[in-house]
Structure formats: C-alpha cells, structure tokens
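Commentary on secondary and tertiary structure
What follows is the residue order along each chain.
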There are 4 protein chains.
Amino acid sequence: MTDYVYPGAEHTRFGHSLGVMQFASDIFDTLRSKDESVLMKALDARSDDLNVYRQRLRLAALLHDVGHAPFSHASEEILPTGITHELQTLEIIRSKYVADIIDACSATTGVKAEQVAKFFEPRTIDRKVLFLKPIIDGELDADKMDYLIRDSIFTGVHYGKFDHERLVASLCVIENSEQQGGMILGIEEGGVHALEALVLARYFMFTQVYFHRARRAYDMHLIGLLKDMGIKYPAEVEKYLEWDDRKVIDLASQHNDNRHARAIVERKHFKEALHTPDHTNGEQRRCFQFLWKDICKTFDSNKLFHDEAKKASHKFSRIDFFVRKTDGGLSKIEEMSKIVKDLAPIEQYRIYADQSIRSEVKEFCRVFCRDNGILF
Amino acid sequence: MTDYVYPGAEHTRFGHSLGVMQFASDIFDTLRSKDESVLMKALDARSDDLNVYRQRLRLAALLHDVGHAPFSHASEEILPTGITHELQTLEIIRSKYVADIIDACSATTGVKAEQVAKFFEPRTIDRKVLFLKPIIDGELDADKMDYLIRDSIFTGVHYGKFDHERLVASLCVIENSEQQGGMILGIEEGGVHALEALVLARYFMFTQVYFHRARRAYDMHLIGLLKDMGIKYPAEVEKYLEWDDRKVIDLASQHNDNRHARAIVERKHFKEALHTPDHTNGEQRRCFQFLWKDICKTFDSNKLFHDEAKKASHKFSRIDFFVRKTDGGLSKIEEMSKIVKDLAPIEQYRIYADQSIRSEVKEFCRVFCRDNGILF
Amino acid sequence: MTDYVYPGAEHTRFGHSLGVMQFASDIFDTLRSKDESVLMKALDARSDDLNVYRQRLRLAALLHDVGHAPFSHASEEILPTGITHELQTLEIIRSKYVADIIDACSATTGVKAEQVAKFFEPRTIDRKVLFLKPIIDGELDADKMDYLIRDSIFTGVHYGKFDHERLVASLCVIENSEQQGGMILGIEEGGVHALEALVLARYFMFTQVYFHRARRAYDMHLIGLLKDMGIKYPAEVEKYLEWDDRKVIDLASQHNDNRHARAIVERKHFKEALHTPDHTNGEQRRCFQFLWKDICKTFDSNKLFHDEAKKASHKFSRIDFFVRKTDGGLSKIEEMSKIVKDLAPIEQYRIYADQSIRSEVKEFCRVFCRDNGILF
Amino acid sequence: MTDYVYPGAEHTRFGHSLGVMQFASDIFDTLRSKDESVLMKALDARSDDLNVYRQRLRLAALLHDVGHAPFSHASEEILPTGITHELQTLEIIRSKYVADIIDACSATTGVKAEQVAKFFEPRTIDRKVLFLKPIIDGELDADKMDYLIRDSIFTGVHYGKFDHERLVASLCVIENSEQQGGMILGIEEGGVHALEALVLARYFMFTQVYFHRARRAYDMHLIGLLKDMGIKYPAEVEKYLEWDDRKVIDLASQHNDNRHARAIVERKHFKEALHTPDHTNGEQRRCFQFLWKDICKTFDSNKLFHDEAKKASHKFSRIDFFVRKTDGGLSKIEEMSKIVKDLAPIEQYRIYADQSIRSEVKEFCRVFCRDNGILF
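**Here we look at the interface of chain C and chain A**
Contact residues are listed per partner, giving 27 residues for chain C and 27 residues for chain A. Interface area, chain C with chain A, both sides summed: about 2400 Å², of which 56% is carbon and sulfur. Summed over the three residues of chain C that lose the most area to chain A, namely C:His193, C:Phe204 and C:Lys338, the buried surface amounts to 22% of that side. Our enumeration of links across chain C and chain A arrives at 0 salt bridges. Taken together, the links from chain C to chain A amount to 8 residue pairs in polar contact (both at pLDDT 80 or more). Broken down by secondary-structure element, the contributors of at least two residues to the side of chain C that touches chain A are helix 11 (192–210) and helix 18 (338–342) of chain C. Ranked by the residues each element gives to the side of chain C that touches chain A, the list is headed by helix 11 of chain C, at 8 residues. Its residues assigned to classes, the side of chain C that touches chain A comprises 10 nonpolar, 8 polar and 9 charged.

**Points about the interface of chain D and chain B**
A common measure of how large an interface is: the accessible area buried when the components associate. If you look at the interface, chain D gives 27 residues, while chain B gives 27 residues. Where chain D packs against chain B, one counts 0 salt bridges. Across the chain D-chain B interface, the total number found is 8 residue pairs in polar contact (both at pLDDT 80 or more). Secondary-structure elements contributing two or more residues to the side of chain D that touches chain B are helix 11 (192–210) and helix 18 (338–342) of chain D. Per-element accounting of the side of chain D that touches chain B gives the leading share, 8 residues, to helix 11 of chain D. The residue makeup of the side of chain D that touches chain B, split by class, is 10 nonpolar, 8 polar and 9 charged.

**As for unusual backbone geometry**
Notably, B:Asp44 is not glycine yet its phi reads approximately 50°, a positive angle. Looking at the element boundaries, B:Asp44 is found in the loop between helix 2 (36–43) and helix 3 (50–63). With a phi angle near 55°, C:Arg267 is a residue other than glycine that sits in the positive phi range. Relative to the elements of secondary structure, C:Arg267 occurs in the loop between helix 15 (259–265) and strand 3 (271–275).

**Considerations on the arrangement of the chains**
Separating chain B from chain C is a minimum C-alpha gap of 16 Å, and the two share no contact. A minimum C-alpha distance of 16 Å separates chain A and chain D, which share no contact.

**Observations concerning the relation of the copies chain D and chain B**
In screw terms, the move from chain D to chain B is a rotation of 180° and a rise of 0.0 Å along the axis, fitting with an RMSD of 0.0 Å. Expressed as a symmetry operation, the mapping of one chain copy onto the other fits a two-fold axis. When each C-alpha of chain D is compared by its distance to the rotation axis, D:Asp342 comes out closest, at 3.5 Å. In this assembly, 100% of the residues forming the interface of chain D have copies in chain B that are likewise at the interface, indicating an isologous arrangement.

**A look at helix 2 of chain B**
Two residues of an α-helix separated by three or four positions point the same way, owing to the 3.6 residues in each turn. All names here are of chain B. Considered for burial, the residues of helix 2 that qualify are Val38, Leu39, Ala42 and Leu43. Angular distribution of buried residues about the axis of helix 2 spans 130°; they occupy a single face of the element. Those residues of helix 2 that are buried lie in contact with helix 1 (13–34), helix 3, helix 8 (127–136), strand 1 (171–175) and strand 2 (183–188). Aspartate 44 lies just past helix 2 and shows a positive phi near 50°.

**So, the packing of helix 3 (residues 50–63) of chain D against helix 8 (residues 127–136) of chain D**
All names here are of chain D. Direction vectors running N to C along helix 3 and helix 8 enclose 50°, while the axes themselves pass 10 Å from each other. Our classification of the angle between helix 3 and helix 8 gives oblique. Read as a crossing pair, helix 3 and helix 8 show a hand that is right-handed. On helix 8, the residues that touch Tyr53, Leu57, Ala60 and Ala61 of helix 3 are Lys128, Leu132, Ile135 and Ile136. Its residues assigned to classes, the contact of helix 3 with helix 8 shows 7 nonpolar, no polar and 1 charged.

**Considerations on the pattern of salt bridges**
For the coordinates displayed, the defined rule picks out 102 salt bridges over all chains. The residue A:Asp342 makes a salt bridge to A:Lys338 at a minimum N-O spacing of 3.8 Å. A residue pair is termed a helical-turn pair when its members lie 3 or 4 positions apart in one helix, as A:Asp342 and A:Lys338 do in helix 18 (residues 338–342) at 4 residues. The class for A:Lys338 is partly exposed, based on a relative accessible area of 31%. Taking the shortest distance from any N to any O, the salt bridge between D:Glu188 and D:Lys34 comes out at 2.8 Å.

Reading guide: rules and limits
- Residues numbered from 1 in each chain as written.
- Chains lettered and ligands numbered in written order.
- Predicted model: local features only at pLDDT ≥ 70, side-chain atom pairs only at ≥ 80, totals over all residues.
- Heavy atoms only, no water.
- Contact = heavy atoms within 4.5 Å.
- Buried area = accessible area lost by both parts, 1.4 Å probe.
- Salt bridge = Lys/Arg side-chain N within 4 Å of Asp/Glu carboxyl O.
- Polar contact = N/O pair within 3.5 Å; in protein donor to acceptor, adjacent residues only side chain to side chain.
- Helix = DSSP H or I, 4+ residues; strand = E, 2+ residues; numbered from the N terminus.
- Nonpolar A, V, L, I, M, F, W, Y, C, P; charged D, E, K, R; others polar.
- Least-squares fit on C-alpha atoms with pLDDT ≥ 70 in both.
- Buried < 20%, exposed > 50% of the residue type's maximum accessible area, 1.4 Å probe, protein only.
- Arc of directions from axis to C-beta.
- Axes fitted to C-alpha atoms, helices over the stretch in contact; angles between N-to-C directions.
- Parallel < 35°, antiparallel > 145°, perpendicular 65-115°, else oblique.
- Left-handed = near helix turned anticlockwise from the far one by under 90°.

Okay, here's the thing in structure tokens:
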C-alpha cells in the first residue's frame, strides 16, 4: 500500500525480482573474479561448471518472492495455518507453472527446476545451497540491496541509498575452519562502512517509509477487511495464484458497507492519535499497554485499532558473519562495527482512531500521560 | 506497454497527473511572484481571486488525462467515430463521478466542476481559459515537463532530463498587442537554452523510448487484438470507465488462439525486419512503400505488419510563442533558436515479421535494397 | 591535503563559505516563514529590521573561516600560543582588509563590521548573537551542512549526503523558559531522522575521508615540515595573511633535503603499519601505547610517526538541543534519538613507517599482538 | 577563469587528465572485449602486446594537456610565433621533467617516452598512433567525454551530461578498405543517439558556460593585461614551466594601475552592452562590424572591447567517421544523424564597456539598431 502514501511507489515485485537477479549475478561474478579457485572449492565444482551454479543462483533470485500473497507482508496472517510465503514459493517452483518452463530450457541452461527449488527447502543440508543461499537471503543479500535502493528511487526519498558498488566489490569467500563446510560469504575490512550504511539505510527506510503512520493504517485496514470477510488464502497452488492485488482491491470496491473497505477505497484511513518513540523502552511499553486497555474500555472498538511496528535493522548477532581484516585475520562484524553492535531494534506502538472520535482519543491519551507521568 | 521493454516503467497515469498538477502550480506561482499585477490583468481578476484561478488550473491539470482509453495512445483508434480522448475527458469531468466531488468541495475551493470542464471544450472563447490552458496543454507545458522527467526516471534512461527548474523560472507573461486578448505565456531570453533542452529531450525520448522497436510492436499487437475481437470502446461514460488496462490484458489471456493475444501474453512480439532512418526523406519513404507492397504480395500477411512512427519534437511554428529579450524586445522562438527552427520531425518506418519468417523477410529486404540502390 | 587522496577534492574554502552563507540564509528564511513574530521576539526586532539581521548573519557565515591558517586544521598547532583560528577570524574582520569593505557598504546593507565581529567574540553576552550564532556554528549548523555535502560531491563518495532540504525545513525557534533569553534554535519531530542522517554523514565522512590513512599521513608530514623549519605563523594580521597554501607548498619544494618535504613533493608518504579500530576501547588504547613505546625503542624514530584520530560525531550531550514533538511538548534530542544517544566518538590510533622499514615494523606489530593476546 | 562565474569550478587540469586517462582505458578495453583479433590487426600486435599499447595510450592521455599555458585557451596568443600548446606538449614530454620518469619505469611498463611523444608529433605517419590517437583527440574522444561531464558537475549545471556509459560501449573498430591503413574508430548504430547527446552537450556547455558573458570578459582582461605588460611566454621548456596560473594572478595583483589587472583583482569586469544571437547570420555579422566601428569612433577605446565567440559543436564533416548499422553496412555519421548534420556552428559577437560608459553605449547600440532596422 506504499503508493497510497508515496505516489511514485507504483513499482512491482517483478521489477524487484529482476533487480535481485542482477545483484546476485554481480556478487557471484565478484567472488569469481577475486579468486576463482576458492569459489570452485566452496562449490566443489570445476571452473567450467561455475556458469551452471551462477544460473541456478539467478533463477532462485528471480523466483525468491514468487510465493508472496497479495500485498505480501501485510497479509501473511491470512495464509492457512502452517503455510508461509516461503513454503508457497517452494510449491510454485515445483508446480507446472514454473518447473515446466525451467526444465524445458535445461538443455541450454544446465539447470533443473528441482535444483532451484532446493534453495527454498526449509532445512536443506545441501552444502552448495548453504553456500549460495545467503547471497539472496541473508543479512547482507541481493534482496535487501535491491529493495532499499529501488524503494528509495520510486518513493523519492534519500534514505535507502548506500554505496552498493563498493559493498558488492568488498564481498569475499571466507574459509572458516570452525564453520560446517568451511566456506562462507564474508566481507573485507574496507567494506565495513558500506555495510554499516546498508544497515542504516534499512533503519531509515523502516522508520520513514515502511512504518509510515498512514502506510501502516492501510495495512491494518486491509487485514481487517480480509478477516471481516472470513477470507483465508488457499494453500493449493492453482487456487492460490488466483489471488492477486487486483482481486483484493476489487473485493474492497464491492463491499462499501465494510468500514475497512471504505477506508481503502475512499482513502480515508483511521488517523494516528498517539505514537511511542522509534525505540520504545520497557517502561513505555508497559504504559502503552495500560493506556490501550483503558481506551478500549472507553471508546467504540470498531473505531479504533493499535499497531505494533517491530523490526531489527539487522540480525548479525544470530549468525556468523566475518570480516577479513587488512592484516589477514578474521573478526566478527559486531566486533568491527560499533554501529552494527549498538543499533537497537525498532519498536514503536501506535493508536489509530476513526476521524469522528480522534480528538477525543487524543485528549484521553494526553490526560492519561499527564496523570501517570509518562513521556512518549 | 513501455514496461515490457523497460521493466522499471511501471508508473501510472495517476502519478503523472499529480506531477502535472505540481508543475502547473509552480508555473502559476512563478508568474505571480514575477509580476502579480500583469497576471491579474491577464485573468481580469483581483489579487484575492488569484488563488481560485490557481485551484481551477490545478484541477484541470489533475484531470487532463482522465479520458484516455486503456494503453492510451495505442488504442485511440478503437474509440467510436468522432470521439477523442479529449472529448471523453470533458464528458467524465461533467459526469457524476467527477463533477459531484468537485462541486461538493466548492464552498472551500471556490471552484465549480463546469469551470474545470471549460478547459476541455473544443472551441472555447473564454479568455481566462485561453490564457491558462497553455500552461497544461501547449508547446511548453506542465504535461511535457512531467512526462519527460518521470519517464526518464522510471525507465532509467538519461534522455528525458532537462533543467526544469530554470525552465519554469524563465516563464513569463508577454503582453502582445497583436494577439487576441493580448496576454500570453512566453519565456525570457535566459531560458531559451533550457527550452531547447526540453525539445531535444522529447526528440530523444521519442526515438529511444516511445518509438522503441519492441514497444511499438506490442502497441501493434494490442490494436490488432482489439480489432480482431471487433471491439469498439463505448462512448457512454459509465460503460467507458469499465475499460481499464487490466480488462484488456484479461482479454488477451482469454484468447490464446489469437496471434496478437499470444504475442502479448507470452511476450513474443513480431521482430523488426527492417527500419528506415529517424528522419526518412521523401525518396526513402516512396521506396519503403514499394518494398512493403512487394512483401505483402510475397509473404503471409498474418505474419507481418508495418509501423509508421511520426512525431514533431515541437510545433512552435504553428503558434505564436515569444521570447522576451534582455533588451526588452520580443522575438519569436524560432528566430532565437536555430535548434528549434532546424529540428526535423521524426519519421520512421518499420517492417515486423513473425519469428518463423523473419530471416526470409530480412533477406528479401536486403535484395530489394541492393537491386534498387536504396540505402535506409 | 584531501586532493592528494581524492583528486576531485580541489575545491576551496571560498566555495565553502559561499555555501555556508546560502544555508544560513535558507535557515533564517525558514524560521521567518514559519513564524515571523517568534523570530522578531527572539531578536527583539521589528519586522522591517529582520532583513538587517539576515544580512549580519550572512556576512558572519561568509567570513566564519577567514582566520584559518594554510591547510587549516592540520596546522593549528603552528599558531602562536594562545592564538586560535577563531581569534584570527575576529582580528581579520576588524582589520582594514575586511572592516573597511563592510563599513563602506553599510549605508546599503545596514550592517557595520563590528556587528559581524561580535559573532566571533569568545564570550559574548549579546542575546541576538547568542540566538543567531548557532545557525552557523552549533551542533546543527550551516557549516556542517555545507561541508558534508560539498566534500562528498567533490571527493565523489556517497557518505556525506543527507536530506538537507527536509532538515532545513524542520528547524524552528523553541521557546524554553529555563533557557537564558528563552529562545533557541531547535527542530520539529518530523526532522529527527534527517538530523540523525546528518550525524551519521559526519561519522562516515570522518572515518572514510577526513581520517583516511593517506590523508592523515600527509597532514603529519606537513606539520613535521613546518616544525623542522622552526616556523610559527605570526599573530599580526598583515603578516599572517601572507601565509597561504601556496607558500607552504613552495617551502616544501625548496627543501628537498627534508624527509617531510620530500614525502609531500614526491607524493611518497609514510605508509600505515598498524591501525586500531574506529572505536578503540580502553584496553586497546593502553596496549597501543605500550606497542608504540616499544617500536620507538627498536626503530629509527626519523622513519616513524603515530597518529591519534579522535572526533565525536556530535556533541549534543553538551548543549540543550530540543525537539518539538507532534503533540507540542519538548524533549531533548538524545531522548528522541537512540542513534544520537548511542553513537560513540571515533578514536583510532595508527603507526606509520617509511617504506624502507615498513615490513619490519608490521612484523614487529604482529608479534607484539600475538604475544600479548591483543586484537586490534 | 570559469570559477569567477561558477564558484564550484575550482577543479584543475590534473583531475581532468586523470579522467581522460580513465576514459581512454575504458574505450581501449571496450574495443578489446568486443573483438580482440580486430584490435590486434589494427595495431599489428600479438595479444600479449596489447597491454603495452594500452599503457602508451594511457600515458598520452594523462599528458595530452601538459603543454597548455596558464589559463589555457585564453592565452594561446601570448605564445611565441609558431608555437602552439600541442608543440609545447611534445617538448615537455621529451624533456627531462617527463621523459626521465617514463623511461625510468619502462622496464615495468614496456613504454618509452619517445613512444608517448609520437602521439603529439604534428604529421606522424605511424599507423599505430594514427589508429590510437583519435581515442584521445578526435571528434568523439576521451578528452571531450571527460571535460563535458567534469565541468557540468563542478559548475553545477545540467547541460554537459550525456549517457557516457552507452557511448563508450557503442564504440567499435571499423574496417574500411578506402581508408589508409584500413582500420579506424567508429560507432555502432545503437550509439548514434548517445553521440548526438554528446554533440548537443558541447553546444550547451559552450553557449551556457564557456562562452558565458562574464567568463569571456575575464578572458579578455587577462589577455589585455598580458599584452599591456608586453609579455610573451618563453618557448624554452624550463622557462615555460615557470609560468603557471598563480604567476599570472600575482602579476595582476602587482599592477593595480592597469585597468585589466584591476578588473581581475577587484572582480569588476567590463559589462556586456550588446550581443548578437548564438548563430549570427551573415547580415547580422556585417551590421555588427559597422556598429563596432562606429562605437570605436565615438567612445574611449580604453573603456571598450568586443568579443567573437565561435565554435563548431563538432567537425564530423571534416573527417571520415562511420556508423556500423544493424544490418552490417557502413554509413557516415552525417547520413545517419540529422542533428549532427544540421547543428550550426556557434557564432556570437559581443560589445563590452566599462561601467562608467555602459549605459551610453547601450543607448548608442539601441539607436543604431533602430535606425538600421536590425534585430540582434
């Protein structure tokens, strides 16, 4: 729903997928041009076979988002229990809609659909996939590089830009004996500041664009509408693919008796009545919860909702991501970058209200904060 | 169909319309800040009323393209006889879908729907409209400024860029006693090079993007499909508005027995077999016509089409557009700019063929050119 | 010396000064257009007088750096005891070279040289100056805005860019009863992320450009040369102004027997043998000091130097800088921004050695680190 | 003197030379990657030798402007009779200042100074040089690519930009049997619009920047000063190299009794009193000459000068520059591009006057034009 707030953001997942494919190719080519032999070792492949691995990676990059439901992240919870967009990606790649096309070209490309599908299996132990997948799905991947830059161009903001050319040029294969398999994607010391810039670009894009107050409101209305209609997306591929953005918008157009549908069609979303800081602390969180309970008791719950926007700007602490220093040694990224180490996750709470009661709700919040000595 | 060739070009007419509204406002504000009294004279209005004229202009800018059929220019010929997209714009603004909204806000804005509609009447003699309309629809208008820049950003090419800030800042009201009404939009001498740059940006965008060989092929397939289906867009507003891009693409998806539908859905357009230069001269045009006749006799006409891409980069010769020189005098733009004067219209012919016969057609063309001593 | 490392960085202090004047004007105009009456109150001035204060501010901005010695920061320690570049700025503005020109125009501008000089008096209590000076010399000032953007354009790096248009548009006058005088420059909540981006731009520009290893080496050679020559810049204005960059470079050209002069002229600086992280911690600092002592005992001190690069990316903790929140309340910037609060000062140590002994020094460092279990 | 008008334009010939070296390398690498064998044939070299030719080209590119006098083009006429900056380039490369350095490295680079000097010999018949030299000095060369882009960045204007990446990528080796030697630099059809954009960038940069009225005035004052002082630059290399921009500016500072020196130092140049159009036609030229004669008779010639600014935006008509068409055939660029064919040379005349008599001169011009029925 970003284009409801930033009108330029009319770009689609297709353009993004082409971009991820391009970045993935650039990363692969960088690794090869730096040291082909170490890449051959990581993939247990001969020089001649590298092009086939490159092609696998490109197809996985192109298809990495194919399983997303309409309006993607907003409607993840409308999926059947146990189903995620990653699992749907796997199913769709294996279906006739995709697998037949990949297999039909395999004489030329050397790639079978099943080899692409492997990238999306939940707990693969294929060492080649384990090496390649972080290029498109990791803490420093082609996916983030593309969406940050693409979204900042199309929304017209400055925040998502970073020196992607230097970042790609700094990536390298790290041989780490403690690591299973031994070879992983890492970065040279000279690229640490470019990596920090990407992490900060994410922080800014989340706080300024993805978690924009109006954008989040439309997401809430969308989910509200789907829930009110009793809709669950089907798990079965053929049926699932019938659901696209247009079908959801058509649904909204046809139900102008529903408050969420009306908010979407008439572009009159519930307005923010209160927000906590980008990095809400423990005490603020507890106070917000009390406040929200009180508000629900006092006002018509049909005219209200609240939002919890949470996101870590990175999760490097959960993985082993190494920097190769100028003196040849290895350090974890968090030891090399205080920005990576210190940047706190975003955690922001909001209360939204229908315009008819918004000023009352705001006044209620003001009094509550004053009486309880809270500063949001 | 531009995004079939330049994948970034997924932007819509809505974003463009917002942009034209912005540029129109900027132009109006420039004229006011330079000399409010001359603007008051041109509009026969008091200072307090200028904001209302500004608002009329903004609404006309926002709505200037509302009457376009799906895929706009490509499908103009599917409109009923005597109907143009300009006339449809007029009808839609007067319909309940638009007029009711404008009139509902008129207490605040001071603008009635009929005052906006006036901008689109074919032969208006309203002097205020005659003064304001060239701001959104003239040889140097907000429409061109926006689409050239917007399209160059979204396609990722460099060609459409020009110094739009300087251009807007150079616009002025010219008092020309020979002109009916006397006051018209013109430009100061210091902006002539920025105007030349806009004219050249148009030339480059047409030759490189809008007349791109693959883009034109998809346009031809689209029209071919609509004609094969026997479709004429309805003139009546309610029915007309049912036709959007999606409805046309759905039509293509449902008729995979039609060669044009297949070309669109499978993205396998007829390929270019021959093209004449950007500025085809008279002799080349005649030769092309002979060649095309011969080809039609020789090959299966279902596997062929030809294209005529024609566009003047400007039509300043048809209007009075004046430059106010640094010494205070007036000159016509064509006297001040050899580039404006000399830039020839684009005129390019192409032959397209289905892939199955393309190399035969190319060879046929080669032999024809050799035998007739023609160089395209 | 930045252009020895980034060849595009050939811009001068003059261009920078014009830029600071422009940013200062933009900030003043923003404050006036938001609320002229509050600005009049802050300056205890009538509406008509505001242009004179604007002009004072502009002249102070244009002249703020006029007292810098050649190669500015690098050679601050060559100034006589008790003299700083700020004091020299004051002297120069009061001298005939500047004061005569300002006073000659005062009939037109309404500004006397002494009113501009007031901006640079060490402990002024002039409330108008106290209000205006932070616009050109504070934690969020026209000086930083210009040099970060200018340097990033001219060096060709991405790091110094931030959304300066939004940042300027977010500045406001804050009425704070606890504050002496009551009125100070602050920022609206909507500009906090733009402020964070400026703080981070500074962090990146310092780590990547201003503290670049080769750039720092040239600074050290420059100071070394001036000290070897026994040079102290004169305090007296007329003599002081004779010293410009060219005179220092000429000095180097004439003393090719001096190792520092040769390093500069032949562009063969001492090379880095070891560096600590951007944010050296206490233990690392102590270890570095031991290491440096050992190295000095072991190697020829004429072929070595060390560097201490320290810089806080901001000093908001030392001043009262307020954010006006969307609900009207005030908060200190550090309460509103975890990035401002958490960003640690840069502290990095380096050892440089002449190329003839560099590999020995590197090996010595490696052994020292290994034996003492230190990781830099 | 461009930075007197555009303060950002403080960049130097050194940065430009690095840029030309880079573009020349990119062009060479493009030709090699497209078809190494045809490049080997053009240079009559084995694959292994190509790197040496690349290095020769790079050094020639780096040094191509080394013979320029201070303020380059402005002071060409202060050179001794028969001496040009190209001849001085040749002398300097052969002198100890350059040749010794190149020869000292020849064991590594494989390049001797004399092989670089060959690029600048007036009438060389060395076929390898004849093939390579147009890469740095031709109608479509690395020199123009760099200065147009560099100057537009540093002056802050938009005019000099074109799609240099596509342009470089479109260059190719053309085998033309009619040509002596047979192999020359040309362009593929797909690059014709990028070439047109470069030609137009030149046109705009000349009319807007290089021929800016104030910039030309400073050039005239500079030459006037040097002539008044009776200065001729020495032909002998050692003496010639003593003359740099600084020495000329110092000269101006020391002669504040000279009107030209004062104009430069105090930045008070003679002001434009009249200008003819960018493309003055024959009749306008004749009228201007009469007018100038009359003015010289009427006013104090010490307070006047006139300027003739002439430049062809390209000289493709003087050389054989071929386009390789998509069908494999060759055409001359002027047959393929109406813009190249039609773009007229710039020819503009100006009269400048000291501020004390400027308004009288303007009035004199106005009356002359009115009485003679001329429109400039």
